[in-house]
Amino acid sequence: MVKDYLVFLWRAVLLSFTGGWRFYTWMTVLTVIAVIGGNAYTRQLAEGLAVTGMTDQVSWGAYIANFTFLVGVAAASVMLVIPAYIYRNKDMHDVVLYGELLAIAAIVMSLLFVMVDLGRPDRFWHMIPKIGLFNFPGSMLSWDVIVLNGYLLLNLHIAGYLLYMHYLQRQPTKLFYMPFVFIAIVWAISIHTVTAFLYVGLVGRPFWNAAIVAPRFLGSAFTAGPGILIIAFQVITRVSHVQITDRAFRLLRHIITASLMINLFLLACEAFKEFYSEELHNSSATYLFFGLHEYDKLVPWIWSAITMELVAAVILVTPPLARRMALFNVACVFAIVGIWIEKGMGLIVPGFIPTPLGNIVEYTPTWNEVFVCLGVWAFGLLIFSWMLRLAIPIMSGQFSKASGINLKQRAAMEGGTS
Amino acid sequence: MSSEGKGTNRRNFMKAGVGTMAALAAAGGVLAPLRSVENGITLDAFLQQHYRRLDADTLDSIMRRLEEETGKKYGAQVHISDPKPMDGVEYGYALNLSRCNGSRKCVTACMKENNQSRDPEIQYIKVLEMPRGSFNLEHSDHYYEHETVPAKDTFYLPVQCHQCNNPPCTKVCPVGATWTEPDGVTVIDYNWCIGCRYCMAACPYEARRFNFSTPKIPREEINPNQGYLSNRIRPRGVVEKCTFCLHRTRKGKYPACMEACPTGSRIFGNMLDPDSEISYILRNREVYILKEEAGTMPRFFYYFET
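The structure contained in this document is the topic of the report that follows. (Residues numbered from 1 in each chain as written. Chains lettered and ligands numbered in written order. Predicted model: local features only at pLDDT ≥ 70, side-chain atom pairs only at ≥ 80, totals over all residues. Heavy atoms only, no water.)

Remarks on the pairing of strand E4 (residues 154–159) of chain B
Residues and elements named next belong to chain B.
Part 1: In terms of burial, E4 is a largely internal element, six of the six residues being buried.
Part 2: Bridging between strand E3 (residues 126–131) and E4 involves six bridges; their strand directions are antiparallel. Bridge pairing links Leu-128 to Leu-157 in E4. (Buried < 20%, exposed > 50% of the residue type's maximum accessible area, 1.4 Å probe, protein only. Helix = DSSP H or I, 4+ residues; strand = E, 2+ residues; numbered from the N terminus. Pairing = 2+ DSSP bridges.)

So, in structure tokens, the structure goes:
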């Protein structure tokens, strides 16, 4: 059995480096971007966080914004898990695994974004319970460390187990994964709720210190996550022989439509609360939506985000429009980008503006910071693509213990489309 | 396996070889900026435990090591000690806003006393210039520059760490690197902080500063009398804050900001001593605290008395 597994690993390694020209090009481009990002991060290690645009006033920026968005993407994979495993929806069963792989990649990215934000990454071990000093349950950040790593392990186990069983062409044993699936569902909600509570718990920041933040996190996550999956599935069907059923797409469309509506509704609730009462605590929201005095760097961003989300909403709720794949894709991309702005920089930066003592210091990421962000994204996509490279032939039965097919033939098959 | 398969394998190994070479070259390129780092992290520093887990001997050897490092890095002979909190002492601070004239002498004295970086500039005390008739902090000017102070129709609100009874900052720290001492001072173990800056997001008084760069202080301006938990020169990448000058106050001296104040607006002392000046002020003046609604219960009070 151990031998089988080792052979599987070895064959997987070989398969990872095999593919058509498109696969090589894609992986090379991602590697190059990741390496550039790595270089930018090393510069940050050498010179300190002074190479970022962050200040004492705006002490979190693009890193934490991307972290927040990606936790949502990871959590959203649960929206595939529920219909697939609980309602035994056959169409979703085929795609749920890819959702779990996306969750793994997203969690890895969000953990990396926390790492690159640390002033002293060399002291990371201080967070390890017992060896270090883990401030649990006091700090919400320690909760976040637990739920994010736990979610990563859960998904690694579920996806890894199912893939390996597929490879062996054996029926997976329910006991070995179903309990974890149920835990993962609750866990997915928790990772995003806990991440919201990171901000909600801060009494000195009225923009974050609001109950609506956690529900809004979930609404936006369940829009952006399935949106990314819809795009990914189309790429998968284009470059491989995997077929994703129309019904699976339709279900994802329903999810993204409903979630986007909920997100927009909650946004309206928030806007009403902030602006109708005209109290003083709405300065951050004023800064975000209209600018404060002469400071208005985020205004074009947030209105682009809202416009994109509204356009996406109109397309999604109008069946004749949504049925046209090109428009549907536009809606998905708009929803993803809109939420990335709104729940990234649009959530993090205004929390710091104005400061608790009424000072206004604006924030713009530096190029070095942007390169680090791109590097993390490229690395995450690299992991996701690599996992798909293994998972697709496994799921379609081309890559299995029994498959006598040799690498060259397989390469020819895979590359057949290229 | 067929001969064809072997051929593919060989080609794959070639590819892997080329890939490995490229990866090594890339790694070299990625790591290039690290060559400019002056001092790497020593194993001792890397493995150092949390302050509250150190025995006296270990702490002593750490302080000697830090003295040596400061000597090498800044060319200054310094003495680092670790004065402990005194029994029966809880510090309190009161500030008379009617007297403060916005000279910012406290800011400068604090900077010198506490070895704050001159480049980039770090200061623990912010003096807010407020227009008369408003207590909305958003109307304050943090960067006022006048030939003379006080400016007309303004008053000044100096803010520094309020050493809260219920500090939001210590609660959020994921590694317990910041805590409140028995005498009421919230401190940071600069060798334990991981630099996540969550405490800065949590503080309602903007009292914490982050070392985005390695602090720069001219050798002749370094205050050699340093406390482990207070004014020793901070490493890069960690958070720092006002400690009520505990290296002074725990030895019976006043904080540097109070000594520097030209108007006598600042009153500091032991709140547990009924005969102290601070106790008298708290009993007999209408003192108030900033952002009472935040529930932080500061040990820093304001009052008006002309």
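Quick look at empty space enclosed by the protein
Residue and element names in this part refer to chain A.
Part 1: Within the structure shown, the criterion is met by eight cavities of 30 Å³ or more.
Part 2: As a volume, the largest cavity reaches approximately 190 Å³.
Part 3: As for the largest cavity, its lining consists of 18 residues, of which Phe-207, Arg-216, Glu-270, Glu-342 and Leu-347 are closest to the centre.
Part 4: At the level of secondary structure, the elements contributing two or more residues to the lining of the largest cavity comprise helix H8 (213–239), helix H9 (246–276), helix H10 (283–289), helix H13 (325–343) and helix H14 (345–348).
Part 5: When its residues are assigned to classes, the lining of the largest cavity shows 10 nonpolar, three polar and five charged.
Part 6: In this structure, the second largest cavity spans a volume of roughly 120 Å³.
Part 7: Around the second largest cavity sit 13 residues that line it, and Trp-60, Ile-64, Val-114, Asp-117 and Leu-141 are the ones nearest its centre.
Part 8: The set of elements that each furnish at least two residues to the lining of the second largest cavity consists of helix H3 (62–76), helix H5 (90–117) and helix H7 (174–200). (1 Å grid on protein atoms, 1.4 Å probe; cavity = no way out; pocket = protein on both sides within 12 Å on 5 of 7 lines; lining within 4 Å. Points joined across faces, edges and corners; volume = space filled by probe spheres on them. Nonpolar A, V, L, I, M, F, W, Y, C, P; charged D, E, K, R; others polar.)

Comments concerning the environment of Ile-82 of chain A
All names here are of chain A.
Part 1: Residue position: Ile-82 is located in helix H4 (residues 78–86).
Part 2: For Ile-82, a relative accessible area of 27% translates into the label partly exposed.
Part 3: Linking Ile-82 and Ile-185, residues 103 residues apart in sequence, is a C-alpha distance of 7.3 Å.

Structural notes on the environment of Ala-331 of chain A
Residues and elements named next belong to chain A.
Part 1: Considering the arrangement of structural elements, one finds Ala-331 in helix H13.
Part 2: When the C-alpha positions of Ala-331 and Ile-315 are compared, they lie 6.3 Å apart, and in sequence the two are 16 residues distant.
Part 3: Dropping the residues within four chain positions of it, Ala-331 is found in contact with Ala-312, Ile-315 and Leu-316. (Contact = heavy atoms within 4.5 Å.)

A closer look at the pattern of salt bridges
Part 1: The full count for this structure, using the stated rule, is 21 salt bridges over all chains.
Part 2: As a salt-bridge pair, Glu-113 of chain B and Arg-248 of chain B come within 3.3 Å of each other at their nearest N and O atoms. Highlighted residues: Glu-113 of chain B in helix H4 (residues 105–113) and Arg-248 of chain B in helix H7 (residues 246–249), separated in sequence by 135 residues.
Part 3: You can call Arg-248 of chain B buried: its relative accessible area is 8%.
Part 4: Among the ionic contacts, a cluster of salt bridges with common partners joins Arg-216, Glu-270 and Glu-342 of chain A. (Salt bridge = Lys/Arg side-chain N within 4 Å of Asp/Glu carboxyl O.)

Notes on the packing of aromatic side chains
Part 1: Taken as a whole and assessed by the stated rule, the structure comprises 45 aromatic pairs over all chains.
Part 2: Ring geometry for Phe-289 of chain A versus Phe-290 of chain A: centroids 6.4 Å apart, planes at 50°, classification tilted.
Part 3: Phe-289 of chain A gets classed as buried once you look at its relative accessible area, which sits at 10%.
Part 4: The exposed category is assigned to Phe-290 of chain A, whose relative accessible area is 52%.
Part 5: Between Phe-300 of chain B and Tyr-302 of chain B, the aromatic rings sit 5.4 Å apart at their centres with planes inclined by 55°, giving tilted as the arrangement. Just as Phe-300 of chain B is buried, Tyr-302 of chain B falls in that class too.
Part 6: A connected cluster of aromatic rings, assembled from ring pairs, spans Tyr-91, Tyr-93, Phe-135, Phe-155, Phe-244, Phe-268, Tyr-288, Phe-300, Tyr-302 and Phe-304 of chain B.
Part 7: Over the aromatic face of Phe-210 of chain B sits the side chain of Arg-197 of chain B, whose NZ or CZ is 5.0 Å from the ring centroid.
Part 8: One residue, Arg-234 of chain B, lies across the ring of Tyr-190 of chain B, its end atom 5.7 Å from the ring centre. (Phe/Tyr/Trp six-rings, centres within 6.5 Å; stacked < 30°, edge-to-face > 60°. Lys NZ or Arg CZ within 6 Å of the ring centre and 35° of its normal.)

Some details on the nonpolar core
Part 1: One finds Leu-101, Tyr-199 and Phe-233 of chain A to be the most contacted residues of the largest nonpolar core, which totals 157 residues.
Part 2: When sequence neighbours within four positions are dropped, the list of residues in contact with Leu-101 of chain A reads Ala-159, Phe-384, Met-387, Leu-388 and Ala-391 of chain A.
Part 3: By size, the runner-up hydrophobic cluster in this structure holds 55 residues, among which are Leu-357 of chain A together with Leu-59, Val-187 and Ile-222 of chain B. (Core = buried A, V, L, I, M, F, W, Y, C linked by side-chain atoms within 4.5 Å.)

Observations regarding the interface of chain A and chain B
Part 1: Listed by partner, the interface residues are 62 residues for chain A and 66 residues for chain B.
Part 2: Approximately 5200 Å² of surface area, both sides summed, lies buried where chain A meets chain B, with 57% of it carried by carbon and sulfur atoms.
Part 3: Three residues, Asp-56, Leu-133 and Leu-357 of chain A, lead the burial of chain A against chain B; their summed loss comes to 14% of the area buried on that side.
Part 4: For the pair chain A and chain B, the interface holds one salt bridge.
Part 5: A salt bridge links Asp-117 of chain A to Arg-197 of chain B; the shortest N-O distance between them is 2.6 Å. (Buried area = accessible area lost by both parts, 1.4 Å probe.)

What about unusual backbone geometry?
Part 1: Of note, the amide linkage connecting Phe-136 of chain A to Pro-137 of chain A takes the cis form, showing an omega dihedral of 5°.
Part 2: As for its position among the elements, Pro-137 of chain A is in the loop between H5 and helix H6 (140–168).
Part 3: Here Asn-115 of chain B, not a glycine, exhibits a phi torsion of approximately 50°, which is positive.
Part 4: With respect to the secondary-structure elements, Asn-115 of chain B resides in the loop between H4 and E3.

Description of helix H15 (residues 367–395) of chain A
Part 1: Here H15 of chain A spans 41 Å end to end across 29 residues, near enough to the 42 Å set by a 1.5 Å rise per residue.
Part 2: Trailing H15 of chain A by a residue or two, Gly-397 of chain A shows a phi angle of about 85°, which is positive. (Expected span 1.5 Å × (residues − 1).)

Examining the sheet that holds strand E2 (residues 91–96) of chain B
All names here are of chain B.
Part 1: One open sheet holds the three strands; their spatial order is E10-E2-E11, and the pairing between them is mixed. Of all the strands in the sheet, just strand E10 (266–270) and strand E11 (300–303) have a single pairing partner and so form its edges. Averaged over all pairs of adjacent strands, the angle between strand axes in this sheet comes to 20°, irrespective of strand direction.
Part 2: Examined bridge by bridge, E2 and E10 share five bridges and lie antiparallel to one another. Residue pairing for E10: Leu-95 is matched across the bridge by Arg-266.
Part 3: Seen against the sheet, helix H9 (residues 277–284) touches E2, E10 and E11 and runs at an angle of roughly 110° to E10. (Axes fitted to C-alpha atoms, helices over the stretch in contact; angles between N-to-C directions.)

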